[in-house]
Amino acid sequence: MILPIVRTALVSLRRDRAALALAFMLPVGFFTIFAVIFGGMHDTTPKITVILVDEDQSAASHQLAQGLEREASLTVLLRPASKEKSAQPDYTAATAEAAVKAGDSPVALIIPKSFGQHPIAFGPSENATQIELLNDASDMIAPQVVSGLLQKAAMTSMPVTMAEQGMKYTDRYIGGLTPAQRKTMESNLDDLRKLQSSGSLNTASSSAGGFSGGIVSVHARAVVGEDKKSPAVSYYAAAVGVMFLLFTASGSAGALLDEAESGTLDRVLSSRVTMTSLLAGKLTYNTLLAFTQLTVMFVWASAVFHVDLAGHIPGFIVMGISTAVAVAAFGMLLASMCHTRAQLGAISTLLILAMSSIGGSMFPRYLMPENMQKAGMFTINAWAIEGFTKVFWRDLPVTALWQQVSVLIGVAIVLFLVARRIARRWEFA
Amino acid sequence: MASAPAVPVSSSATLPLSIDGLVKRFGALTAVDGVSLDVRQSECLGLLGPNGAGKSTVIRAIVGRVIPDSGSITLFGARADSTAARESLGWVPQELAIYPRLTCRENLTAFGRYHGLAGKQLAESVAWCLDWAALQDRAKDLAGKLSGGMKRRLNMAAGIIHRPRVVLMDEPTVGVDPQSRNRIFEMIEALRAQGTAIVYTTHYMEEAERLCDRIAIIDHGRIIALGTKEELVHNAFASRSQVLARFAGSEDRIAAWVESHGGRIVDSTAEFTIERSIEIGTLLESAAKDGFELEDVSLRRPNLESVFLHLTGRELRE
């Protein structure tokens with residue numbers, strides 16, 4: 001009796017494409033996405049962008065800058081990206097801070113004017129010149145990595161400075177060197193300088209991984225999010241919110257399939273209601289539903305996790321409506337493409353989880369390889385999260401949202417028009 | 001059968017519904033093959049045919065849900081796809097096309113709004129429909145929780161919420177109990193009494209006989225007969241009657257004997273068509289002579305079922 005039951009179930013499964021997709025394609029698809037993000041693809045290791053401002057312009061600061069530029073995991077920016085071939089001026093401390101605030105880079109390093117005089121500190125009591133590290137507190141990884149690599153670069157790219165400073169300390173604390181000792185030391189330092197200038201000293205190689213002793217004194221300062229009580233909460237309110245919005249929107253748009261199946265759609269279309277007005281009505285409803293859902297999410301985040309909703313109402317409304325209309329149109333498109341609820345369930349689960357994982361709803365996109373970060377820009381999630389981050393994290397004005405709003409509204413229009421085109425199959429036989 | 005009301009002679013411009021040479025193909029299948037029909041004011045025209053005969057396609061073409069390959073459909077002289085035609089047309093689909101999570105009143109209000117009703121006019125129309133469908137007491141009940149018969153009545157009410165002058169009813173009694181069916185018949189008769197023209201599709205012969213003034217028998221997408229019940233029967237059988245007889249004995253032998261005497265076996269009963277009642281005696285004598293023992297015999301005037309069988313060689317519900 002067991003075998004016939006197994007056989008019946010297998011035949012049913014074989015004929016249910018939606019269930020088949022859920023059973024086999026979904027896990028394989030997700031394994032691939034996660035494997036790409038967290039594992040296998042070493043050639044696409046995430047690079048951290050760091051802005052470097054060299055106010056000192058000394059030999060030591062140049063060596064440090066070159067050391068940082070040689071790091072494979074860093075993309076060092078000395079000036080903003082050129083626009084229309086016009087050369088941009090180098091970053092200054094002020095423009096670098098503004099760039100971090102605007103989200104152009106998670107970290108900026110400012111090498112101050114007197115750095116060359118006291119580049120290295122051996123011990124906490126020393127008054128070495130501090131390099132300023134400006135960071136965006138929403139990215140918890142980047143400042144740690146940059147800080148560590150800065151120490152590595154100091155160790156490996158400034159051997160002469162290291163030796164000079166070492167001798168100076170030896171002279172000061174061990175006792176005066178004899179003229180003969182001083183001469184030998186100067187001679188050796190000269191040799192070292194020659195080696196370094198001739199390039200035969202390999203300053204790129206290093207065994208200093210994991211060094212965190214602080215040979216270069218760094219003062220870190222969060223220029224974004226320093227006054228935020230719960231750094232990750234506003235991010236996840238948007239990130240998780242958008243993912244569930246997508247699920248709700250596709251489920252709600254599925255009512256269209258129910259109505260088509262029950263004959264209600266035919267009846268409605270036989271009245272004064274046209275397909276365009278019907279779909280527009282559904283889009284409006286689903287947008288309102290999604291916006292309400294986001295509002296509930298943020299009100300909860302505000303009440304329980306102290307996200308400052310009251311201080312960001314205009315930005316929330318603009319981003320909320322743009323996101324809501326985009327997810328609503330996405331749901332409409334899925335519903336118009338599918339023929340049954342089961343199909344819609346399978347396809348929407350597949351697409352939404354994929355979009356959410358690469359779009360930053362499950363974990364921040366800055367943790368992902370570069371290619372994956374670029375792919376994320378094709379998702380509604382990424383644009384919505386970026387917009388909400390601008391509002392709640394960077395405290396940027398509504399006008400700074402034009403890019404995210406344009407993309408989301410544009411996506412909504414395109415998806416709706418495609419859905420309208422596909423919905424012609426319901427109009428007439 | 002309902003008595004046919006006095007029907008004024010109408011031109012196609014004033015006819016509630018006029019169909020001329022309607023053809024609809026789905027791929028290689030010709031679902032409707034040159035159907036022409038007129039429906040007059042207060043008339044109930046029955047479309048009678050087996051499943052797949054093309055009844056629903058005709059209805060869906062009238063309501064604009066199917067685009068004909070050729071032919072024309074007008075309502076009161078206006079093309080079926082015009083706004084004026086749509087306003088004068090009501091449709092009760094075969095499916096329960098209502099919102100199960102809305103109450104009866106909410107359903108009617110929604111469909112009323114879809115037809116452009118608002119305010120007092122909408123409220124009055126909803127009240128009238130609830131009354132017509134005997135659902136006043138259930139106005140606040142969810143449609144999904146209603147009994148099968150009540151859902152059917154609500155489905156009908158939603159189709160006439162905008163008080164159309166022509167109503168298409170596509171098998172509105174499918175799956176309902178006899179009591180609910182009678183209630184539905186009363187609703188339809190009430191509509192007719194107000195002058196509404198009705199097109200009623202069914203494959204239940206008794207419904208067509210009770211409700212319809214004229215009946216169009218449709219098969220393989222064609223109208224094979226059109227007229228009142230009496231006209232259809234007379235055209236098919238003239239004054240002939242049917243003798244139904246049951247004999248004891250071997251079925252094969254009986255079937256061969258029945259065939260040799262011009263009859264046929266339907267549901268183990270021998271059917272013969274006779275001109276005069278005296279012919280019964282001759283038939284029975286012949287049966288006795290050939291050794292068949294008679295169990296039961298009756299004389300029947302032909303009905304629509306007989307007409308359908310006569311015209312198509314098949315039973316209506318095959």
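Look a little higher up for the structure.
The paragraphs below set out a description of the structure included in this document. (Residues numbered from 1 in each chain as written. Chains lettered and ligands numbered in written order. Predicted model: local features only at pLDDT ≥ 70, side-chain atom pairs only at ≥ 80, totals over all residues.)

Concerning the overall build of chain A
Selection criterion: Here a helix means four or more residues in a row that DSSP labels H or I, a strand means two or more in a row labelled E, and each is numbered from the N terminus. Residues are scored as being in contact if the C-beta atoms we place from backbone atoms lie within 7 Å.
When you go through chain A residue by residue, the secondary structure sums to 17 helices and five strands. Sequence separation of at least 24 residues holds for 81% of the intrachain contacts in chain A that already meet a minimum separation of 6.

Describing helix 12 (residues 313-337) of chain A
Formally: For a helix, the expected span equals 1.5 Å multiplied by the number of residues minus one. The burial label depends on the number of other C-beta atoms within 10 Å of a residue's C-beta. Counts of 20 or more mean buried, 12 or fewer mean exposed, and intermediate counts mean partly exposed, with C-beta atoms placed from the backbone.
End to end, helix 12 of chain A covers 36 Å across 25 residues, agreeing with the expected 36 Å (1.5 Å per residue, within 8%). Summarising burial for helix 12 of chain A: 19 of the 25 residues are buried, a large majority.

Considering the sheet that holds strand 5 (residues 78-79) of chain B
All names here are of chain B. Defined as follows: The rule for pairing is simple: two strands pair if DSSP sees at least two bridges between them.
The strand order across the open sheet formed by four strands is 2-1-4-5, and the pairing between neighbours is antiparallel. Two strands close off the open sheet at either side, each with one partner strand: strand 2 (29-39) and strand 5. As judged from the four bridges shared by strand 1 (residues 17-26) and strand 4 (residues 70-75), these two strands associate in the antiparallel manner. Residue pairing in the sheet places S18 in a bridge with T74 of strand 4.

Here we look at the sheet that holds strand 5 (residues 218-224) of chain A
All names here are of chain A. To keep things clear, this is the line we draw: Between the N-to-C directions of two axes lies an angle of 0 to 180 degrees, each axis being a line fitted to C-alpha atoms and, for a helix, fitted only over the stretch in contact.
The five strands lie next to each other as 2-1-3-4-5, forming an open sheet whose pairing is mixed. A single partner strand is all that each edge strand has here, and the edge strands are strand 2 (74-77) and strand 5. Strand after strand, the sheet turns through a mean of 25 degrees between neighbouring axes, direction not considered. Bridge count between strand 1 (residues 48-54) and strand 2: four bridges; the pairing is parallel. Looking across to strand 2, one finds that V50 is bridged to V76. Of the strands in this sheet, strand 1, strand 2 and strand 3 (107-111) touch helix 3 (residues 59-70), which is tilted by about 170 degrees from strand 1.

Structural notes on unusual backbone geometry
All names here are of chain B. Positive phi, normally seen in glycine, also occurs at F76, with a value near 50 degrees. Residue placement: F76 occurs in the loop between strand 4 and strand 5. Its 20 C-beta neighbours within 10 Å are what place F76 among the buried residues. In the Ramachandran plot, A134 falls in the positive-phi region, its phi being about 55 degrees despite a non-glycine side chain. Considering the arrangement of structural elements, one finds A134 in the loop between helix 4 (119-132) and helix 5 (148-159).

Some words on the interface of chain B and chain A
Operational definition: Each residue gets one label: Ala, Val, Leu, Ile, Met, Phe, Trp, Tyr, Cys and Pro are nonpolar, Asp, Glu, Lys and Arg are charged, and the others, such as Gly, are polar.
At the interface, 16 residues of chain B touch twelve residues of chain A. Looking at the side of chain B that touches chain A, its residues break down into eleven nonpolar, three polar and two charged.

A closer look at the environment of D171 of chain A
Positionally, D171 of chain A belongs in helix 6 (residues 159-174). Taking the C-alpha atoms as reference points, D171 of chain A and E259 of chain A, separated by 88 residues in sequence, lie 89 Å from one another.

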